[in-house]
Structure formats: structure tokens, C-alpha cells
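Survey of secondary and tertiary structure
Each chain, written out:
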Amino acid sequence: MDKKLLENIIINEEKLAKYLLVTKERNDKSKFLSQAGYITSNWEILEIDLHSLLINGTIVLEEENEYGQSYSVSGLLKGPNSKELKVKTIWMYNKRKEQIRFITLYPDKK
């Protein structure tokens, strides 16, 4: 991935503070993330760590179409309590806007 593209990364606060870090009946990721100390009141730390993961993680092109590409990025997140979580994240690159947008995260079971 072109380093210049990494300058235009979009991670929505709502995706973190109102989705990933909130307990859900289905597809709950908050319990997994809380193991490393990520909670709604410190969602900004998760945002910073996701930026770092995108730059330093293992990037794989998953799909490409006329609108852009989707990538998976795998690696370790070291949370506020210093516990490391092995994660896989999904990102979309929008060719028209030249933006990379965070889509989701889940435990990497490999």
C-alpha cells in the first residue's frame, strides 16, 4: 500500500465508541477488546492503535473493483493495559476520494 495513501485514513468515532466497544447480543467485539483495556471512555486509544496497525501490520489485498480495493490488515494491538490482542481488520480504499476507511475488526484466530 502506498505510504501517501496512509495520510488520508478515516476511522469513524461512532464505529469505535458506539459499535465495537459497546456490548451487543450478536457479533460482540467489546468483550474481546476489553481484555486489552479498550473501553468506550478511551476509544481514542483504539483509534491511534488502529492507525498504527494499518501502517505496521500485514496487509493483504482481498478484493478490487472499479470503486477501489478492500484490504485485510492483521497484527497485534497492544491495549492500554499492555495486553496484546491478535486482530484482523478490514479496510476499504476509495479510489475516487483517495481515502482509506476502517470497516471492522475481529479476533485473528490463526
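Scroll up a little and you will see the structure.
What counts and what doesn't
- Residues numbered from 1 in each chain as written.
- Predicted model: local features only at pLDDT ≥ 70, side-chain atom pairs only at ≥ 80, totals over all residues.
- Heavy atoms only, no water.
- Helix = DSSP H or I, 4+ residues; strand = E, 2+ residues; numbered from the N terminus.
- Buried < 20%, exposed > 50% of the residue type's maximum accessible area, 1.4 Å probe, protein only.
- Contact = heavy atoms within 4.5 Å.

**What to know about unusual backbone geometry**
For Ser-82, which is not glycine, the phi torsion reads 75 degrees and is therefore positive. Relative to the helices and strands, Ser-82 is located in the loop between strand 3 (68–78) and strand 4 (84–94). Of note in the backbone geometry, Glu-98 takes a positive phi value of approximately 55 degrees without being a glycine. On the secondary structure map, Glu-98 appears in the loop between strand 4 and strand 5 (99–107).

**Observations regarding the environment of Phe-102**
Within the secondary structure, Phe-102 is located in strand 5. For Phe-102, a relative accessible area of 3% gives the class buried. Here the alpha-carbon distance between Phe-102 and Glu-62, two residues 40 residues apart in the chain, equals 14 Å. Discounting chain neighbours no more than four positions away, the residues touching Phe-102 are Ile-10, Ile-11, Lys-15, Leu-16, Leu-20, Leu-50, Thr-89, Ile-90 and Trp-91.

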